[in-house]
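Next come the chains, spelled out residue by residue.
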Amino acid sequence: MRLTLRANPESGGSTDGGDLESRLRALGAELVDEDDAERLVVAGGDGSVAPAAERAGELGVPLAVLATGTANDFARATGLPNDLDEA
């Protein structure tokens, strides 16, 4: 699957985009520019989700959320896992 990753490095204190890219590639993902993506992946907190969701809507692709923020209200309210491996 062709993915675009948006990772907020300040979310939760330290979201490591390089580590997330490696994890996604290990699962068989191909990381591409947004215009070529089949899915947009956002790693961050509540403030990162809304703009990523808007962009996914513009692109017409699904949004995947990796909860790496401090409060993660969106993830908790929607039942998304906080564990990156589980997500």
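Rules and cut-offs
Along each chain, residues carry numbers from 1 onward, in the same order as the chain's sequence is written. In keeping with the model being predicted, local features are shown solely for residues with a pLDDT of at least 70 and side-chain atom pairs are shown and tallied solely at 80 or more, while totals for entire chains, interfaces and linings include all residues. The basis for the side-chain values is all heavy atoms of the structure; hydrogens and waters are excluded. A run of DSSP states H or I qualifies as a helix once it reaches four residues; a run of E qualifies as a strand once it reaches two. Both are numbered from the N-terminal end. For the exposure calls, accessible area comes from a 1.4 Å probe over protein chains only, and a residue counts as buried if that area is under 20% of its type's maximum, exposed if over 50%, partly exposed in between. Note on contacts: a residue pair qualifies if any of its non-hydrogen atoms lie within 4.5 Å across the two residues. For our purposes a nonpolar core is just a set of buried Ala, Val, Leu, Ile, Met, Phe, Trp, Tyr and Cys residues, chained together by side-chain atoms within 4.5 Å. Should DSSP find at least two bridges between two strands, the strands are taken to pair. Lines fitted to the C-alpha atoms define the axes, with helices restricted to the stretch that makes contact. Angles between their N-to-C directions range from 0 to 180 degrees. Multiplying 1.5 Å by the residue count of a helix minus one yields the expected span of that helix. Arc, as used here, means the arc of the directions from the helix axis to the C-beta atoms.

Engineer: Explain the environment of Leu80 here, please?
Structural biologist: Turning to its location among the elements, Leu80 is positioned in the segment after helix H3 (73-78). For Leu80, a relative accessible area of 32% puts it in the partly exposed group. Put simply, Leu80 and Ala67 are 13 residues apart on the chain and 7.6 Å apart in space, counted from C-alpha to C-alpha. Once residues within four sequence positions are removed from consideration, Leu80 is found in contact with Val65, Phe74 and Ala75.

Engineer: Just checking my understanding: could you explain the nonpolar core for this structure?
Structural biologist: For soluble globular proteins, the rule of thumb is that nonpolar side chains tend to be buried together. The biggest cluster of nonpolar side chains holds 8 residues, and these are Leu3, Leu5, Leu20, Leu24, Ala29, Val41, Ala43 and Leu66. Look past the residues within four positions of Val41 in its chain and what remains in contact with it is Leu3, Thr4, Leu5, Arg6, Ala64 and Leu66. If you look at the next biggest cluster of nonpolar residues, it comprises 7 residues, including Leu40, Val42, Ala52 and Val65.

Engineer: What is the right way to look at the sheet that holds strand S2 (residues 30-31) in this model?
Structural biologist: The strands making up a sheet are joined through hydrogen bonds of the backbone, oriented either antiparallel or parallel. Spatially, 4 strands are ordered S2-S1-S3-S4 in an open sheet, and the strand pairing comes out parallel. Strand pairing shows two members of the sheet lacking a second neighbour, S2 and strand S4 (63-67), which therefore form its edges. Relative to S4, strand S3 (residues 39-44) runs parallel, the two sharing 5 bridges. Residue Leu40 lies in a different strand from S4, and its bridge partner there is Leu63. Those strands touched by helix H1 (residues 17-26) are strand S1 (2-7), S2, S3 and S4, and its axis lies near 160 degrees from that of S1. Here helix H2 (residues 46-59) sits on the sheet in contact with S1, S3 and S4, set at roughly 175 degrees to S3.

Engineer: Just checking my understanding: could you explain H2 for this structure?
Structural biologist: Given 3.6 residues per helical turn, the α-helix brings residues three or four places apart onto the same face. Between its terminal C-alpha atoms H2 stretches 21 Å, which fits the 20 Å expected from 14 residues at 1.5 Å a residue. Those residues of H2 lying buried are Ser48, Val49, Ala52 and Ala56. The buried residues of H2 occupy an angular sector of 95 degrees when the element is viewed end-on, so they sit on one face. Looking at H2, the residues exposed on the side facing more than 90 degrees away from the buried face are Gly47, Ala50, Glu54, Gly57 and Glu58. Structurally, H2 contributes buried residues whose contacts are with S1, S3, S4 and H3. One or two positions beyond H2, positive phi appears at Gly60, with a value near 75 degrees.

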